[in-house]
Structure formats: structure tokens, C-alpha cells
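# Structural characterization, general
Listed below are the residues making up each chain.
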Amino acid sequence: MSKQHHIGSKEILSDAPAFREVLEQISNTKEMRQLAGNLLPELIRLWAVSGTGAGPARSVFRKGVASAAGNSIKNAMLDEKGLDEAPALHSLASDEAFTSRASAHTGLLLNGLLSLLVNGAEEIRKLDVAAKKRLVETIVRDLSTGKSAELLTVFCRTINDVHKNEPDFLSRALAPAFEKWITSLDFGEVKEALETGIPSISAVVHMINTTMWHYPGKVISFLALVPSLGNIAVDALAQAVGMFNEKGSPDLVADVILSVLRETDADTVGRLVNELAEMVRRFHVGSALIGEPGAPQLPNDVSVLLESVFSTINGEVFWKSRTAVAEIKEQAGRALTNVLADHPELLAGSLSTKSAVHNARFRTLGHRLETLESLDTEKINEALAQSLAGLDLQEGANIINATVLLANRMFEDRPEVLRDKITSLMDALDTYEVSAFLENAGEIVGEALRPLARAMVPPLTKGFIKALAVDDDEFEDAAESARHMLAALLLKNGEAEQHD
């Protein structure tokens, strides 16, 4: 601290005349005259009464000198004519000569002010909690929030002017100060302040919401800014894209977009993917290491979190909201369909381009399969074998077993549910149209599909016949019944053909 102060003093003294002029101009402002006229007499009075070891005569003399000097300074500084003629402190900012001279010493002066504030803050930190609370409450109560907002506005305007002149100026100017700020900041203390301040921050948020809702009109006005900001963003994007399309030919548009892809640092993207993949792998391994043997830590922590979340959720409202979301999607879909009905060209275009969309997907899948086919057979077979070997079919079987078990329980307990639903479906179906569809489809595509049927039906039929063969298992009774029914059907069809 002393070294910096020493250096700062040398820098100021090296340009003493300019610094003296700055101090003279500041001292002659209306605000500084008022401050000096009230502060200096009080300081002189304190000097007069604070002497130690002085006799009575000397004390009287000091008080007399202090009174005379204080009155003289007060009269000189607070003279009405002098105050009327003195410029306001803020008016100095419009004086280019003053700002040029002052800017050379602003950093040093601000550093001195910051040092004063830091030392004061350290002393405040030593106070008891009650004193700290009274201090903060007093500062917040007396702080002119309107002035701070004006200061922020003026600061933003100044920065905007600088940005327009030199976009990189701020980053260049802030780099050294930011580095010093980072090295001086104790992030551990910041983290602790945030952690211990959560209840206070929550209380502040509650206070802000409560206060704002004392003025519902302002809340509505504030929320009304959201669509306006959204409209501005959409309009700006539409204008930008529209101008791009208007001014750019197809080859220019394609070249610009492709140049973005070409100039993308693929190595950096690859490294990012690698690091993310490695982070996921380390997280997975670390969860297993810090957990109990055979029990990773992640499920335990997630269970604790979800238990806390679900214990707070209102289940009735949650599931009602799920239904509401589904109905909202339905209403939005209906609205879209109604709008498309008024624009049949869009609806027709949607239908006519579906095949092109599916064709692109088919080509992508086909290319992938062709690529696999062209690779080394041994490697592909090994990869497929590893994939199949790692497939947990037991879990799949458990899923099927559980599903069937639940369905059987429902059928046994409430058989009418499925029967009534199927009956309702059959009653609603136009069986004539369904029959006509199948017949027409058979006539139109039947012959075309005959080669495929010739290839598929015989092996499938053999499989069915083998499944009905006599065997000594728990399903033999059902298989025997099916054989009799099949035999009866074939015999009846044979008799009908002979009769014909």
C-alpha cells in the first residue's frame, strides 16, 4: 500500500502545476465551497479544544484563534455572491481542458478513494452484527436510488459512445484492471457469502414482489414489456434475414452459410466433444468409486433429491396440469388445422412433400447400411456380436412378463373393460368400408406382393405347423385343440370344393 502511495505521489508531483489547477477548479465549485465553509470551521474548533498539556492562557488563545479563523473561512466560503458566481461541480465535466487535466490523475484519486473505502470496510467488519445491520439499513434508507439510476444511465450512454468509436476499447482498457481484480478477489469468501445469503436474497426477492404488487398497474406494464421486446427481436431478425435474402443471390447465400461451416474450428469442436465425453466418463467412474461397492453414488443422491421434490409436489394439481397441457396441445392442433383449411395450398404442400422427407431419411439409412456392408466383414461381425452379447434380454423378458402379468390381472378382475372397449370400437367401425378396403387392396397390391408372399408364407407356415406338432408340455392340450380346428377347417373346405 505504501509503495503504491509513494509511486502515486511521485506521479502527481511530477505534474504539480496541472494537478494544482485541477484542485483549484474543484475547490472553487459551489459544492466544495459549501463543504469547506461548514467542515473547516468545525475542524479548527476541534483543534482548539483537543490540545493536551496547555495552560489556561494557551487554551484561551487557541480558542480565540480558532473562532476568528473559523468565522473568516465560513464567511469567505459561504458568501452569497461567491456561491452564486461559483460553478456547479458537475459543470466542470463539460470543460475539455479540465477533463483532460483531471483524467491524468483520476485513476490515482480513485485508487486512493478505494483504499479509503477498503480500510473503512475492514473497520466496519470488526463491528458487532447489530451495528453492521444499523449501518447497512441507514445507508440503504438514505441512498438516493434515483441518482444511482441516473448515474447508471449516463454511464451507459458514455460507454455506448465509446463502443461506437472503438468496439474493442473497453476490453483493452479493462484487461489489466480485471486481472488485478481477479487476483485480489477471494472466491471462497464470495461463495460463502452466496451460500449464507440465500435466505436474505430470497427475502429480498419476496420484498420486491410484494412491493411491486402494491402497484398492480406497474406489474402489468412491466410484463407488457416482454411481448414488446419479443416483437422487437423477431422484427429485427426478420429484417436482417429479409435483407440478406433480398440483397444476396442464392449462390451468395449458400457461400456465406457454408463459409460459417468452413471457418468453424473443427479441431476445437472435436476437443470440446472429447472433453465432454471424458467428463461424463469420469463422472460415471467417480460415482462408482465414492459409492458403496456395487452401488454408485448417483442413484442415492438423485433419490434424495427426487424424494424432497416429490414430497413438495401437489399430485392432484400436477396430474391435472398434465391433462391441461394435452388439451392445450389439442386446441393448438385444431387451430393449426383450421388455419390450414383456409390455406389449402399449404395443406396440400405438407402432404405432397412428406414423401420427399421420408425419401431423405431412407437414403440416409441406406447409405449407412451400404457403408457397413462395404467395411471389413470380420470387424462388422465382431461389432454386431459384441452388441448382441451385451444386449440384456433378461431385462426385456422381465418387461414383457410384468406387462402381461398386469394385463392378466386386469382381465381377471375387470374383464368387461377390454370387452366394452373392443365392442365400442367395432360398433364405431364401418365394417363395410373396412371390407371394401381390404378387398381393393388385395386386388391392387396382391399380385404385386405375390413374390414376397411366396418367399415369406412357406417358412412362416412351416413354423406354425411345427408349433402345432405333438409335444409333451403344458401347452399340448391347446395345441391339440388347434390341430382339430385346423383339420376340421381343411376338411370342410375340401368337401366344399368336391361339391362344387
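What this report covers is the structure whose coordinates are included nearby.

Tallying secondary structure elements over the protein gives 24 helices and 0 strands in all. Relative to its 500 residues, the protein shows a buried fraction of 7%. Taking the intrachain contacts of the protein between residues at least 6 apart in sequence as the baseline, contacts between residues at least 24 apart amount to 52%.

Here we take up the packing of helix α16 (residues 315-342) against helix α17 (residues 344-352). In contact at an axis separation of 5 Å, α16 and α17 are set at 110° when each is read in the N-to-C sense. Taken together, the axes of α16 and α17 are roughly perpendicular relative to one another. Across from Leu-340, Ala-341 and Asp-342 in α16, the residues of α17 making contact are Pro-344, Leu-346 and Leu-347. Partitioning the contact of α16 with α17 into residue classes produces 5 nonpolar, no polar and 1 charged.

The full count for this structure, using the stated rule, is 8 salt bridges. Of the charged contacts, one joins Arg-172 and Glu-166 as a salt bridge, the two residues approaching to 3.1 Å between their closest N and O atoms. The exposure class assigned to Arg-172 is exposed, which follows from its relative accessible area of 51%. Across the salt bridge formed by Arg-483 and Glu-476, the nearest N and O atoms sit 2.8 Å from each other. Among the charged side chains, a network of salt bridges with common partners joins Glu-278, Arg-281 and Arg-282.

A few words on helix α20 (residues 393-413). End to end, α20 covers 30 Å across 21 residues, agreeing with the expected 30 Å (1.5 Å per residue, within 8%). Backbone nitrogen of Gln-394 and a side-chain oxygen of the N-cap are separated by 3.3 Å at the start of α20; the cap is Asp-392.

Of note, Ala-48 is situated in helix α3 (residues 30-49). Overall, Ala-48 belongs to the buried group, its relative accessible area being 8%. Along the sequence, Ala-48 and Val-65 sit 17 residues apart, while their C-alpha atoms lie 8.2 Å from each other. Setting aside chain neighbours within four positions, we find Ala-48 in contact with Arg-62, Lys-63 and Ala-66.

Parameters and conventions
Residues numbered from 1 in each chain as written. Predicted model: local features only at pLDDT ≥ 70, side-chain atom pairs only at ≥ 80, totals over all residues. Heavy atoms only, no water. Helix = DSSP H or I, 4+ residues; strand = E, 2+ residues; numbered from the N terminus. Buried < 20%, exposed > 50% of the residue type's maximum accessible area, 1.4 Å probe, protein only. Contact = heavy atoms within 4.5 Å. Axes fitted to C-alpha atoms, helices over the stretch in contact; angles between N-to-C directions. Parallel < 35°, antiparallel > 145°, perpendicular 65-115°, else oblique. Nonpolar A, V, L, I, M, F, W, Y, C, P; charged D, E, K, R; others polar. Salt bridge = Lys/Arg side-chain N within 4 Å of Asp/Glu carboxyl O. Expected span 1.5 Å × (residues − 1). Polar contact = N/O pair within 3.5 Å; in protein donor to acceptor, adjacent residues only side chain to side chain.

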